[in-house]
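# Per-entry structural report
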Amino acid sequence: MLNHSNFIRSKSLIRSKFQVILITIGLGILLGIFCLAQFTQIVSFGLLVSLLLSISLIIIYYSKTLYANLPEGIKNNGVWTGTLTGRGVSAWILGVVLTCFYILLYWFPHILGLSSSGNTGIIGFFDPLSQFFKNQPASEWFVYGTLYTLAIILFGIKFIWKYRHNKYQLLRTISVIFFQTAFAFLLPEFMLRLNLPFNDFKNMWPLNYYFFDSSHLEELMHAGNIGWFMLIWGLAMIFLISPILTYLYGKRWYCSWVCGCGGLAETAGDSFRHLSDKSIKAWNLERYLIYSVLLISVVMTIGVLYSYKTGVNTLLGINTYELRKWYGFIIGAAFSGVIGVGFYPLLGSRVWCRFGCPMAAILGIQQKFFSRFRITTNGGQCISCGNCSTYCEMGIDVRAYAQRGQNIVRASCVGCGICAAVCPRGVLRLENGSADISTRTTQLKTIHISEDSLRILN
Ligand code: SF4
Ligand code: SF4
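Criteria and cut-off values
- Residues numbered from 1 in each chain as written.
- Chains lettered and ligands numbered in written order.
- Predicted model: local features only at pLDDT ≥ 70, side-chain atom pairs only at ≥ 80, totals over all residues.
- Heavy atoms only, no water.
- Near = heavy atom within 4 Å.
- Nonpolar A, V, L, I, M, F, W, Y, C, P; charged D, E, K, R; others polar.
- Phe/Tyr/Trp six-rings, centres within 6.5 Å; stacked < 30°, edge-to-face > 60°.
- Buried < 20%, exposed > 50% of the residue type's maximum accessible area, 1.4 Å probe, protein only.
- Helix = DSSP H or I, 4+ residues; strand = E, 2+ residues; numbered from the N terminus.
- 1 Å grid on protein atoms, 1.4 Å probe; cavity = no way out; pocket = protein on both sides within 12 Å on 5 of 7 lines; lining within 4 Å.
- Points joined across faces, edges and corners; volume = space filled by probe spheres on them.
- Patch = residues over 30% accessible without salt bridge, like charges linked within 9 Å, V, L, I, M, F, W, Y side chains within 5 Å.
- Areas by Shrake-Rupley, 256 points an atom, 1.4 Å probe, with all protein chains shown as cover.
- Salt bridge = Lys/Arg side-chain N within 4 Å of Asp/Glu carboxyl O.

Let's shift gears to the site of ligand 1. Around ligand 1, the neighbouring residues are I375, C392, M394, I396, V398, C413, V414, G415, C416, G417 and C419. Classifying every residue of the shell around ligand 1 gives nine nonpolar, two polar and no charged.

So, in structure tokens, the structure goes:
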């Protein structure tokens with residue numbers, strides 16, 4: 001007779017084999033597209049659309065087989081034993097493929113077929129779609145944007161299936177799909193079609209590190225009223241809209257509801273969220289790294305603005321353009337792209353958001369000291385199962401707070417709400433309240449008895 005643990009094990013095994021087959025087919029199709037496009041110079045709108053549709057159908061079918069026929073409720077069985085989700089062979093293969101793709105995209109787009117005298121290869125393969133959207137040949141960023149948006153939509157569908165009983169998760173997933181598709185992909189592409197500057201209205205400095213570049217400022221200022229609107233909107237986002245929304249709702253309004261990096265992490269990266277490092281060492285590293293990146297980004301921006309105003313390329317002996325170039329190379333490309341996404345299957349889905357994003361750093365400082373947001377804990381109900389800590393993608397030891405009955409107010413918390421969703425006892429709740437901002441973390445909601453106050457009665 002099959003007992004319960006054998007049943008779980010055999011299901012994990014099936015799931016694991018299914019993952020291997022699916023990854024092999026998926027990678028096979030992608031490799032097929034690449035070879036076909038790279039070596040045969042096929043340019044066909046129909047073929048491109050059919051291939052993208054095939055990938056979409058495979059992912060939707062995979063999601064259906066995983067969740068659709070099961071009762072509502074989160075199913076994370078086998079995540080540590082699956083070859084893809086448990087840092088097995090598939091995870092390494094996927095990590096290497098993603099990393100290679102990012103390296104080609106950022107530094108060797110010509111290998112992918114980018115050429116000013118007419119695209120070839122995989123970039124040329126996307127030309128018909130690019131012509132359809134903006135009347136221009138594809139760039140490496142168009143190819144990337146298309147695949148990125150498709151990934152958020154498709155894995156968003158998978159996520160919605162998995163968390164379909166949870167209204168908060170449904171709403172924020174629909175929100176990230178909407179902002180990525182409409183604001184980050186369609187709108188900027190159509191603006192190019194109208195010969196207007198490329199602009200993602202939801203992307204703001206310092207995440208958008210080229211906002212204060214002289215070339216970008218000049219482009220906006222010479223684009224008439226719409227250019228000035230984009231400039232004023234960009235500044236309003238930094239100094240007005242973002243601080244107000246972060247005060248009201250915490251950094252989750254951006255990191256879990258709007259941002260494209262967060263959108264990909266929450267959808268495509270959902271299967272890897274448990275891989276985040278929960279150690280104190282990682283927490284220390286996180287604080288050093290993220291605030292260092294923020295500092296460098298502020299210095300770089302001051303330097304770029306100084307050079308723009310004065311025409312002098314050095315500030316305090318630092319070449320501002322070199323600094324900008326290196327920031328773009330190390331932080332903008334290597335950290336956010338290659339490590340941030342390429343290492344999803346090995347380090348978890350929020351490596352960039354946790355260790356490198358200067359935007360997350362600013363929002364985090366505000367969330368910690370000047371925001372109504374907190375996760376409240378009904379500590380008396382906690383059974384210390386540790387689900388919350390396991391599935392916190394930001395590596396926060398949520399259980400430790402729950403055991404103390406202490407509100408969770410951490411700069412790094414992106415308010416994804418998964419800790420509350422996976423808690424079997426309903427201990428955690430994402431809330432906003434203005435009455436007690438300065439004492440949010442000091443209140444303990446469980447009765448704590450010191451050793452001295454214990455007496456053995458005879
Ligand atoms: S503490 Fe909870 S809401 Fe915050 S990042 Fe972790 S899982 Fe998400
Ligand atoms: S998931 Fe809930 S019950 Fe389990 S440790 Fe976390 S707060 Fe406690």
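The next thing to look at is the packing of aromatic side chains. Under the counting rule described, the total for this entry stands at 30 aromatic pairs. Geometrically, the ring pair formed by F101 and Y102 is edge-to-face, given 6.0 Å between the ring centres and 75 degrees between the ring planes. Among the residues examined, Y102 registers a relative accessible area of 2% and is labelled buried. Ring geometry for Y247 versus F370: centroids 5.0 Å apart, planes at 35 degrees, classification tilted. On the criterion of sequence distance, the pair formed by Y247 in helix α9 (residues 224-249) and F370 in the loop between α16 (358-369) and β3 (373-377) is long-range, its members being 123 residues apart. For Y247, a relative accessible area of 23% puts it in the partly exposed group. Among the aromatic residues, those joined into a ring-pair cluster are F101, Y102, Y106, W107, W141, Y144, Y148, W326 and F329.

What follows deals with the site of ligand 2. Surveying the vicinity of ligand 2 reveals 13 residues, the closest of which are C382, C385, G386, C388 and C423. Among the secondary structure elements, those contributing two or more residues to the shell around ligand 2 are α17 (387-390) and α18 (398-404). Each residue belonging to the shell around ligand 2 can be placed in one class, and the counts come to eight nonpolar, three polar and two charged.

Time to look at unusual backbone geometry. With an omega of 10 degrees, the peptide bond running from W205 to P206 counts as cis. Within the secondary structure, P206 sits in the loop between α7 (167-193) and α8 (214-221). Backbone geometry places R87, a non-glycine residue, at a positive phi of 55 degrees. Checked against the element boundaries, R87 lands in the loop between α2 (45-68) and α3 (89-107). In this model, N135 sits at a positive phi of 60 degrees, which is unusual for a non-glycine residue.

Time to look at empty space enclosed by the protein. Following the criterion strictly, the structure yields five cavities of 30 Å³ or more and no others. Empty space within the largest cavity amounts to approximately 100 Å³. Looking at the lining of the largest cavity residue by residue, the classes come out as 12 nonpolar, two polar and no charged.

Our focus in this paragraph is a nonpolar patch on the surface. Residues F45, V49, L53 and F132 make up a contiguous nonpolar surface patch of about 370 Å² in total accessible area. Looking at which element gives the most residues to the nonpolar patch, the answer is α2, with three residues. Looking at the element boundaries, F132 is found in helix α5 (residues 127-134). Given a relative accessible area of 53%, F132 falls into the exposed group.

From the geometry alone we can't say anything about function, so treat these as descriptive.
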